[in-house]
Amino acid sequence: MVEERAYWLAWSQIPGIGPILLKRLQQHFGNLAAAWEASAAQLRQVEGFGAKTLVTVEGKRSQLHPAQFLLQYQQKNPYFWTPADPDYPRLLRDIPNPPPVLHYRGKVQTQENQGLTATVGIVGTRQPSEYGIRWTRRISAALAKQGFTIVSGMAEGIDTEAHSACLEAGGRTIAVFGTGIDVIYPSRNRNLSAQITGNGLLLSEYSAGTPPDRTRFPARNRIIAALSRAVLVMEAPKKSGALITAEVAKDFGRDVYVLTARLDDYQSHGCLNLLTKGATAIPVEFEELLKMLGATPLADTENFASLPLFAETQASNAPPMPDLEPELKQVWQAISSEATPFDLIVQKAGLPPGGVSSALLHLELMGLVTQLPGMRYQKC
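Residues numbered from 1 in each chain as written. Predicted model: local features only at pLDDT ≥ 70, side-chain atom pairs only at ≥ 80, totals over all residues. Heavy atoms only, no water.

Participant: Even after reading the chapter, I still don't get helix 15 (residues 286–293), so can you show me in this structure?
Facilitator: Each α-helix winds once per 3.6 residues, and so residues spaced three or four apart point in a common direction. Taken together, the buried positions of helix 15 are Phe286, Leu289, Leu290, Met292 and Leu293. End-on view of helix 15: buried residues confined to an arc of 160°, all on one side of the axis. On its buried side, helix 15 packs onto strand 3 (119–123), helix 9 (130–145), strand 7 (230–233), strand 8 (255–258), strand 9 (280–281) and strand 12 (376–379). Positive backbone phi, approximately 100°, marks glycine 294, located one or two places after helix 15. (Buried < 20%, exposed > 50% of the residue type's maximum accessible area, 1.4 Å probe, protein only. Helix = DSSP H or I, 4+ residues; strand = E, 2+ residues; numbered from the N terminus. Arc of directions from axis to C-beta. Contact = heavy atoms within 4.5 Å.)

Participant: Quick question: what am I supposed to make of the packing of helix 16 (residues 326–333) against helix 18 (residues 353–365) here?
Facilitator: For the pair helix 16 and helix 18, interaxial distance at closest approach is 9 Å and the crossing angle is 85°. In terms of orientation, helix 16 lies roughly perpendicular with respect to helix 18. Contacts from Glu327, Leu328, Val331 and Trp332 in helix 16 reach Gly355, Val356, Ala359, Leu360, His362 and Leu363 in helix 18. Considering only residue class, the contact of helix 16 with helix 18 consists of seven nonpolar, two polar and one charged. (Axes fitted to C-alpha atoms, helices over the stretch in contact; angles between N-to-C directions. Parallel < 35°, antiparallel > 145°, perpendicular 65-115°, else oblique. Nonpolar A, V, L, I, M, F, W, Y, C, P; charged D, E, K, R; others polar.)

Participant: Explain helix 17 (residues 342–349) to me, please; I cannot follow it from the model alone.
Facilitator: Most of helix 17 sits out of view: six of its eight residues are buried. For helix 17, every residue scored as buried is listed here: Phe342, Asp343, Leu344, Ile345, Val346 and Ala349. One or two positions beyond helix 17, positive phi appears at glycine 350, with a value near 70°.

Participant: Just checking my understanding: could you explain the packing of helix 9 against helix 15 for this structure?
Facilitator: Two quantities define a packed helix pair, namely the angle between the axes and the distance from one axis to the other. Packing of helix 9 against helix 15 leaves a shortest axis separation of 12 Å and a crossing angle of 60°. With respect to helix 15, the axis of helix 9 lies oblique. Helix 9 and helix 15 meet at a crossing whose hand is right-handed. Mapping the contact onto sequence places Ile139, Ala142 and Leu143 in helix 9 and Phe286, Leu289, Leu290 and Leu293 in helix 15. (Left-handed = near helix turned anticlockwise from the far one by under 90°.)

Participant: I keep staring at the pairing of strand 3 and nothing clicks. Help me out?
Facilitator: Strand residues, when the strand is regular, have side chains that alternate between the two faces of the sheet. In terms of burial, strand 3 is largely enclosed, as five of its five residues are buried. Side chains Thr119, Gly121 and Val123 project from strand 3 onto one buried face, and the interleaved Val120 and Ile122 project onto a second face that is buried too. As paired elements, strand 3 and strand 4 (residues 149–152) share three bridges and run parallel to each other. By the bridge assignment, threonine 119 is partnered in strand 4 with threonine 149. The β-α-β motif built from strand 3, the intervening helix 9 and the parallel element strand 4 has right-handed crossover chirality. The sheet contact formed by strand 3 and strand 7 spans four bridges and is parallel. Bridge pairing links glycine 121 to valine 231 in strand 7. (Pairing = 2+ DSSP bridges. Right-handed = clockwise from strand over helix to strand, strands pointing away.)

Participant: Help me out: how do you make sense of the sheet that holds strand 11 (residues 369–372) in this one?
Facilitator: On the basis of which strands lie adjacent, the open sheet formed by three strands has the order 10-12-11 and antiparallel pairing. Each edge of the sheet is formed by a strand with only one pairing partner; in this case those strands are strand 10 (340–341) and strand 11. Of the strands in this sheet, strand 11 and strand 12 are in contact with helix 18, which crosses strand 11 at around 115°.

Participant: Can you walk me through unusual backbone geometry in this structure?
Facilitator: Backbone geometry follows two general trends: most residues other than glycine have a negative phi, and most peptide bonds adopt the trans configuration. Here tyrosine 185 and proline 186 are connected by a cis peptide whose omega angle stands at 0°. Mapping proline 186 onto the fold places it in the loop between strand 5 (172–176) and helix 11 (190–198). With a phi angle near 65°, methionine 154 is a residue other than glycine that sits in the positive phi range. Considering the arrangement of structural elements, one finds methionine 154 in the loop between strand 4 and helix 10 (158–168).

In structure tokens form, the structure reads like this:
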């Protein structure tokens, strides 16, 4: 039997079939193996499959044999996940446009892939000021010492500073490439890339040898946003790619924080605009930032220890059970008396993310649940 991952790979090679259409295929047919064998009439029932796309699909399916192609592909790309693989990152699996193929290099952590560890995205301009560099390094190092994994995009400027400061503090970082996993861009980050593979992870949805292209970086940004529990924009002008990451993060339900600066500072105009759209200013006190991100600061902030960002609480603290409809009851029971992350609620309730979101809204309106920063919920 041909592995399902072979079909994810095969479908991803067909021009015009992007991540959104692939997810629709998977949802419509149940799996991509069934979709591969479907007739043109059956494919036409899937939203987005027009006449032109069908012609392209028919041509490619006659030439491409998924099992053989998988073997060929692995020769140059030995390490990758598809949504059919159990180790595929859960936080990516739940977005509308998950990468059909996600290449990786470095140290894989199972709990991280399951969405159970503390991750924070740090992004910003490629041409930061001394102020932006100073605060990026300070916050990245402090969060790393507190046990957070820092996610960024390996670009020049803020990204590079965030990765470097995290590693220097002994932390773990994830770098998401807009090129093939073997193409280091900018090239001066070659040593940094090697360091990350020693205590972190390199990720890319592009196959080996894919060169840098400005059109690929916005797509890369959605992966940074999806993998992060919250996104910090440290310094960004009006047309910075970091703003794309911030917008996508909001669409995914992540909290967005920005580093404030002077009104006449061009490099921060994008950050100031984000504040008018509902982003939160990064507080001066680091302990306050930790509280907002869902962690509890240690008494000795000079010697940070690794703490879990999200902790389950004892059932003895749970409020009495209200009289609820079955689905609402499932979601309510999945929430503790203290902050519970959205993904953990989905996992415990055993319901689709959309159904959980709807139930949470109902529970909030009923005064039974309150929403906290970082996509966390708590029983009232």
